[in-house]
Amino acid sequence: MEKLVVEGGRPLIGSIPVSGAKNAALPILIATLVAPGEHRLGNIPDLADTSSTLSLLGRIGCPSLVNGVVRIDTSRVAFSEAPYDVVRKMRASVLVLGPLLARTGEAKVSLPGGCAIGTRPIDQHLKGLEALGCRFELSGGYIHGTVHDLRGADIHLDMPTVTGTENIVMAAVLARGTTRITNAAREPEVSDLCDFLVTLGAKIEGIGTSTLIIEGVPRLTPASRPYRIVPDRIEAGTYLCAAAATGGDVTLTGVDPKLMEATLAKLVEAGCDVRTTEDTIRLTRSRQLLPIKVRTEPFPGFPTDMQAQLMTLACFSKGTSTFEETIFENRYMHAAELLRMGADIQHAGRVATVRGNPPLKGAAVMASDLRASAALVIAGLAAEGITEVLRIYHLDRGYENLVGKLRAVGARIARVSDTVQDPAKLKAALDDLGPSVAPAEA
Ligand code: EPU
């Protein structure tokens, strides 16, 4: 296995290109199942999760070719199943439920179970699909769904679940009649999925609002032009936090600032100077960071996927910041690791208080989930000395070429085998400007 070694204390300066959004790419790759034929998708990020999704589609019988643009051939569906070994690695596999039921009348998906950030049930996905006429049985850890007559229905979600809304929409586009989803998720990634489905011939009104009205059609067909995925607002926000924490000056390119208003507002509140154009964001931070108040909410509120990164930033501010995590019940795993670097964080239930206490000091820390890992990288970039971030497979799930992008703006960061302990070898990896992997120690 590998770890990241980071030497902190250098302001990040320069430009970072933002990749396509992971959380739009995954449902859109899976949504190709609803329209038999060859699809072409652009701006799909090169991530462990996108590879897992393509291999899941391959197991279903839909081969793909990645060559800049991703081509997927969904002419034939051979198996309607997402097995445990895939779902275990990537919860988003549960998104095959809606499209497979709509396409073949059957789907078998391993129940995802809880994960590091919470229990994450899928009751709303099932409730919505049942309203469309699907029936489910649980057996051997698998949800087995069948449907004979997929028909539109009115569905009110108990909470605006992102993948729940997506699962229901992907079935409803092929249902007989009209489906009305109220309290639907409004995240830009949900809108991107809906926009993609419209290019296949789906009829969806209210995209971007909390009421989606879907008029089912008998069949959908691949679009003649490649569809381009929206930029990743969470990747973008992560690099802005890194720039802010290090007192840097970074310009993001290929980004959509309109999707990031809540995050940008918090960075301004923290004392950063943020300037935007239609597709760039420049952040400079030349003064002391200020404390912030963060409450996570569904879009357009402040995203839970940025909470950990902002908490790291708060550690470098002067004063007391407060956080309230309202989406997931267990999303402060990064706090304990930040404490190991000298942070002053207290949390009880969903509320955390951060007393800005610069400077943090480098340490070996363990990542528990994707965004927690990103928060620890930011901490390492701004801390004194060397930080080692272990279990970086989480980062590979969601950040394309993280090390390369950060090095290009002056970060001292390298990927090394986690058997490397010798400080001289770690330093050599940081000094090496070439491929950043140090050999394993015998
Ligand atoms: N919930 C239920 N029942 C359901 C569905 C959700 O109780 O049937 C609860 C969840 O337990 C949670 C809340 O509703 O407390 C919201 O969860 P949601 O379903 O919206 O989350 P998700 O769809 O599983 C997606 C992203 C997450 C992101 C959340 C919230 C994808 C693939 N994942 O998850 O992304 O945090 O929405 O915005 O789109 C990440 O990228 O690091 C990540 C975790």
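Not measured: the values here are computed from a predicted model.

1. Re the overall build of the protein
Step number 1: A tally of regular secondary structure across the protein gives 15 helices and 25 strands.
Step number 2: The C-alpha radius of gyration of the protein comes to 22 Å, within 12% of the 22 Å expected for a compact globule of 442 residues.
Step number 3: With 47 positive and 48 negative side-chain charges, the protein shows a separation of 1 Å between the mean positions of the two kinds.

2. Considerations on helix 12 (residues 370-382)
Step number 1: Taking 1.5 Å per residue, 13 residues should reach 18 Å; helix 12 reaches 19 Å between its end C-alpha atoms and fits that length.
Step number 2: The element helix 12 is largely enclosed, with a buried count of 13 among its 13 residues.

3. Here we look at helix 10 (residues 307-315)
Step number 1: Most of helix 10 is tucked away: nine of the nine residues are buried.
Step number 2: Among the residues making up helix 10, those that are buried are Q307, A308, Q309, L310, M311, T312, L313, A314 and C315.

4. Points about the sheet that holds strand 14 (residues 227-228)
Step number 1: Strand order in the open sheet formed by four strands is 4-5-3-14, and the pairing between neighbours is mixed. Each having just a single partner strand, strand 4 (64-67) and strand 14 make up the two edges of the open sheet.
Step number 2: Here strand 3 (residues 38-42) runs beside strand 5 (residues 69-73); their pairing, made up of four bridges, is antiparallel. Bridge assignment links R40 to a residue of strand 5, and that residue is R71.

5. Concerning the sheet that holds strand 17 (residues 280-284)
Step number 1: Across the sheet, which stays open at both edges, the four strands sit in the order 2-15-17-16 with mixed pairing between neighbours. Two strands bound the open sheet, and with one partner strand each, they are strand 2 (13-17) and strand 16 (273-276). Adjacent strand axes in the sheet meet at a mean angle of 15°, parallel and antiparallel pairs treated alike.
Step number 2: Sheet topology places strand 16 next to strand 17; four bridges connect them, and they run antiparallel. Across the sheet, V274 pairs through a bridge with L283, a residue of strand 17.

6. As for the site of the ligand
Step number 1: Taken together, 21 residues are adjacent to the ligand, and Q124, T161, T163, D305 and I327 come closest.
Step number 2: Within the contact set of the ligand, an oxygen atom lies 2.9 Å away from a side-chain nitrogen or oxygen of R120.
Step number 3: Here an oxygen atom of the ligand and a side-chain polar atom of R371 are 2.8 Å apart.
Step number 4: For the ligand, whose unbound accessible area comes to 830 Å², protein coverage reaches 86%.
Step number 5: When contributions to the shell around the ligand are tallied by element, the ones reaching two or more residues are helix 1 (22-31), helix 5 (123-131), helix 6 (162-172) and helix 12.
Step number 6: With three residues, the single largest contributor to the shell around the ligand is helix 5.

7. What to know about the domain arrangement of the protein
By a widespread convention, an interface's size corresponds to the accessible area lost as its parts come together.
Step number 1: You can read the domains of the protein as domain 1 (2-19 + 231-432) and domain 2 (22-228).
Step number 2: Its C-alpha centre places domain 1 at a distance of 31 Å from the equivalent point of domain 2.
Step number 3: Across the boundary between the two partners, domain 1 contributes 22 residues, which contact 19 residues of domain 2.
Step number 4: Overall, the association of domain 1 and domain 2 removes approximately 1,700 Å² of surface from exposure, summing both partners, and the carbon and sulfur fraction of that is 52%.
Step number 5: Interface area lost by domain 1 to domain 2 is led by F299, R397 and E400, which between them contribute 32%.
Step number 6: Viewed at the interface, domain 2 and domain 1 are joined by two salt bridges.
Step number 7: Put simply, R233 and E189 hold a salt bridge, and the shortest N to O gap is 2.8 Å.

8. Points about the pattern of salt bridges
Step number 1: Taken as a whole, this structure holds 21 salt bridges when the rule is applied.
Step number 2: For E269, the salt bridge identified is with K266, shortest N-O distance 2.7 Å. In this pair, E269 and K266 are both assigned in helix 9 (residues 261-269), three residues apart and thus about one turn of the helix distant.
Step number 3: A salt bridge links R412 to D431; the nearest nitrogen and oxygen atoms lie 2.9 Å apart. In this pair, R412 sits in strand 24 (residues 412-417) while D431 sits in helix 15 (residues 423-431), placing the two residues 19 residues apart along the sequence.
Step number 4: Its relative accessible area of 13% is what places R412 among the buried residues.
Step number 5: Classification of D431 as partly exposed rests on a relative accessible area of 41%.

Parameters and conventions
- Residues numbered from 1 in each chain as written.
- Predicted model: local features only at pLDDT ≥ 70, side-chain atom pairs only at ≥ 80, totals over all residues.
- Heavy atoms only, no water.
- Helix = DSSP H or I, 4+ residues; strand = E, 2+ residues; numbered from the N terminus.
- Rg over C-alpha atoms; globule rule 2.2 N^0.38 Å.
- Lys, Arg positive; Asp, Glu negative; His and termini not counted.
- Charge placed at Lys NZ, Arg CZ, Asp CG, Glu CD.
- Expected span 1.5 Å × (residues − 1).
- Buried < 20%, exposed > 50% of the residue type's maximum accessible area, 1.4 Å probe, protein only.
- Pairing = 2+ DSSP bridges.
- Axes fitted to C-alpha atoms, helices over the stretch in contact; angles between N-to-C directions.
- Near = heavy atom within 4 Å.
- Polar contact = N/O pair within 3.5 Å; in protein donor to acceptor, adjacent residues only side chain to side chain.
- Areas by Shrake-Rupley, 256 points an atom, 1.4 Å probe, with all protein chains shown as cover.
- Domains from an automatic or database assignment.
- Contact = heavy atoms within 4.5 Å.
- Buried area = accessible area lost by both parts, 1.4 Å probe.
- Salt bridge = Lys/Arg side-chain N within 4 Å of Asp/Glu carboxyl O.

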